[in-house]
Amino acid sequence: MNFLKAIVAAGLVAASTQAFAADITGAGATFPFPVYSKWADAYKKETGNGLNYQSIGSGAGIKQIQAKTVTFGATDAPLKPEQLEKDGLAQWPMVMGAIVPVVNLEGIKPGELVFDGETLAKIYLGTITKWDDPAIVKLNPKLKLPSDAITVVRRSDGSGTTFNFTDYLSKASAEWKSKVGSGTAVEWPTGVGAKGNEGVAGNISQTKNAIGYVEYAYAKQNKLTYTAMVNSAGKTVQPTVAAFQAAASNADWAKAPGYYLILTNQPGEASWPITAATFILMHKSATDKAASQEAIKFFRWSFEKGGKMAEELDYIPMPEPVVKLIEKTWSAEIKS
């Protein structure tokens, strides 16, 4: 039984079925679901308070918080300051992680296959259709690649993982930028759609000769074959916490209004090119103030005690100075 199934089986995600003083309800990004679930489990054991988090994709999470049907929304595609102002929302980064290309290729081990952004873009544009295409062979001269057709898998729902993946492709490929661009949902030129990081991971594991993109914790927990990447410095890097941290270290959160910052294609020889933060959205003036207060308590606890748990799942905790900035944001903006 993998980690995510174990969480669901334990009933942690459905903690809201047990009544308590202030239900914390959240919905959105599938990217941080493994770590939010782990935090929710530990928080419930320590405080008795549960968290009902629906892993439904960033696009749906944004809609739910805008409609005030949840205490908080979660998105990997941050809202721009003017949108936050319009919706009366506060936003902050909760944790950082990384997106990895994953493949199902016979005889290929995790980290063996190498891609660069240009080649990845051409696969998703549908112009590279076979595994033994010269562009892939050039990056992988020592690997025996099949002449089989590539099955392209991508997200079907509004997704922050897609937002960061397509943002990276737009930076790496002028053709991708002009023809497709970036967003939580795009007009995909090719591919089979799957819902959530969970759906893409499941589809890849069951489909030979497939390629997709998922948050790293999903690749690891589902034992998927992730690839190496050539970064903006031209270096081949493996998806490791050190490589994610190298990319995240450039982030200047203090100078980003509404914490609007995209971490893809960061400079540095050690940087993983598709690193991303995931964000929380809450109403500045909540309808249910008790639930709002309880949610802030949960997030404060997660910052104080959740760092090690995040690292165990290969996420990167927010640095201490950024946490202090976020706590000031809570005091200044969230009226509860």
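Everything here concerns the structure above.
Student: Would you mind going over the packing of helix H5 (residues 117-125) against helix H7 (residues 160-172) with me for this structure?
Tutor: Running from N to C, H5 and H7 point in directions that differ by 115 degrees, and their axes come no closer than 9 Å. Crossing handedness for the pair H5 and H7: left-handed. For the pair H5 and H7, the contacting residues are Gly117, Glu118, Leu120, Ala121 and Tyr124 in the first and Phe165, Tyr168, Leu169 and Ala172 in the second. Considering only residue class, the contact of H5 with H7 consists of seven nonpolar, one polar and one charged.

Student: How should the pairing of strand E4 (residues 89-104) be read in this particular structure?
Tutor: The side chains of a regular strand alternate between the sheet's two faces. Across the 16 residues that make up E4, a large majority, 15, are buried. Relative to strand E12 (residues 275-283), E4 is paired through nine bridges, and the arrangement is antiparallel. From the neighbouring strand, Leu89 faces E12, where its bridge partner is His283. As judged from the two bridges shared by E4 and strand E13 (residues 316-317), these two strands associate in the antiparallel manner.

Student: Before we go on, may I ask you to explain the packing of helix H2 (residues 33-47) against helix H12 (residues 289-305) in this structure?
Tutor: Each packed pair of helices is defined by two parameters, the angle between the axes and the distance between the axes. At a minimum axis distance of 11 Å, the contact between H2 and H12 shows a crossing angle of 105 degrees. Here H2 lies roughly perpendicular to H12, going by the angle between them. Contacts from Tyr36, Trp39, Ala40, Ala42, Tyr43 and Glu46 of H2 reach H12 at Glu294, Lys297, Phe298, Trp301, Ser302 and Lys305. Residue composition of the contact of H2 with H12, grouped by class: seven nonpolar, one polar and four charged.

Student: What am I meant to see in the nonpolar core here?
Tutor: Nonpolar side chains tend to gather and get buried jointly when the protein is soluble and globular. Ranked by size, the top nonpolar core spans 93 residues in total, and within it Trp39, Trp92, Phe115, Trp253 and Phe299 carry the most contacts. Examining the composition of this core, we find that 10 residues originate from one element, E4, more than from any other. With near-sequence residues (within four places) excluded, Trp253 lies in contact with Pro93, Met96, Tyr259, Leu261, Leu263, Ala277, Phe279, Met318, Val322 and Leu325.

Student: Which parts of the structure should I look at to understand the sheet that holds strand E10 (residues 228-230)?
Tutor: Within a sheet, neighbouring strands are paired by backbone hydrogen bonds and run either parallel or antiparallel to one another. The three strands lie next to each other as E5-E10-E11, forming an open sheet whose pairing is mixed. Since the sheet does not close on itself, it has two edges, and those belong to strand E5 (114-115) and strand E11 (236-237), each with one partner. Taken together, the two bridges between E5 and E10 define a ladder with parallel strand orientation. Counterpart to Phe115 in the pairing with E10 is Met229.

Student: Help me understand the pattern of salt bridges, please; the structure alone is not making it clear to me.
Tutor: Should their charged atoms come close, side chains of opposite charge can pair. What the rule picks out here adds up to 13 salt bridges. With its nearest N and O atoms 2.7 Å apart, the salt bridge here joins Asp314 to Lys220. Of this pair, Asp314 sits in the loop between helix H13 (307-312) and E13 while Lys220 sits in helix H10 (residues 216-221), and the two are 94 residues apart along the sequence. Taking the relative accessible area as the measure of exposure, Asp314 reaches 10% and is therefore buried. Judged by its relative accessible area of 42%, Lys220 falls in the partly exposed class. Across the pair Lys324 and Glu320 runs a salt bridge whose closest N-O atoms are separated by 2.9 Å. With Lys324 and Glu320 both in helix H14 (residues 320-333), this residue pair falls four residues apart, about one helical turn. Sharing partners across several salt bridges, the network here consists of Lys38, Lys308 and Glu312.

Conventions and cut-offs
- Residues numbered from 1 in each chain as written.
- Predicted model: local features only at pLDDT ≥ 70, side-chain atom pairs only at ≥ 80, totals over all residues.
- Heavy atoms only, no water.
- Axes fitted to C-alpha atoms, helices over the stretch in contact; angles between N-to-C directions.
- Helix = DSSP H or I, 4+ residues; strand = E, 2+ residues; numbered from the N terminus.
- Left-handed = near helix turned anticlockwise from the far one by under 90°.
- Contact = heavy atoms within 4.5 Å.
- Nonpolar A, V, L, I, M, F, W, Y, C, P; charged D, E, K, R; others polar.
- Buried < 20%, exposed > 50% of the residue type's maximum accessible area, 1.4 Å probe, protein only.
- Pairing = 2+ DSSP bridges.
- Parallel < 35°, antiparallel > 145°, perpendicular 65-115°, else oblique.
- Core = buried A, V, L, I, M, F, W, Y, C linked by side-chain atoms within 4.5 Å.
- Salt bridge = Lys/Arg side-chain N within 4 Å of Asp/Glu carboxyl O.

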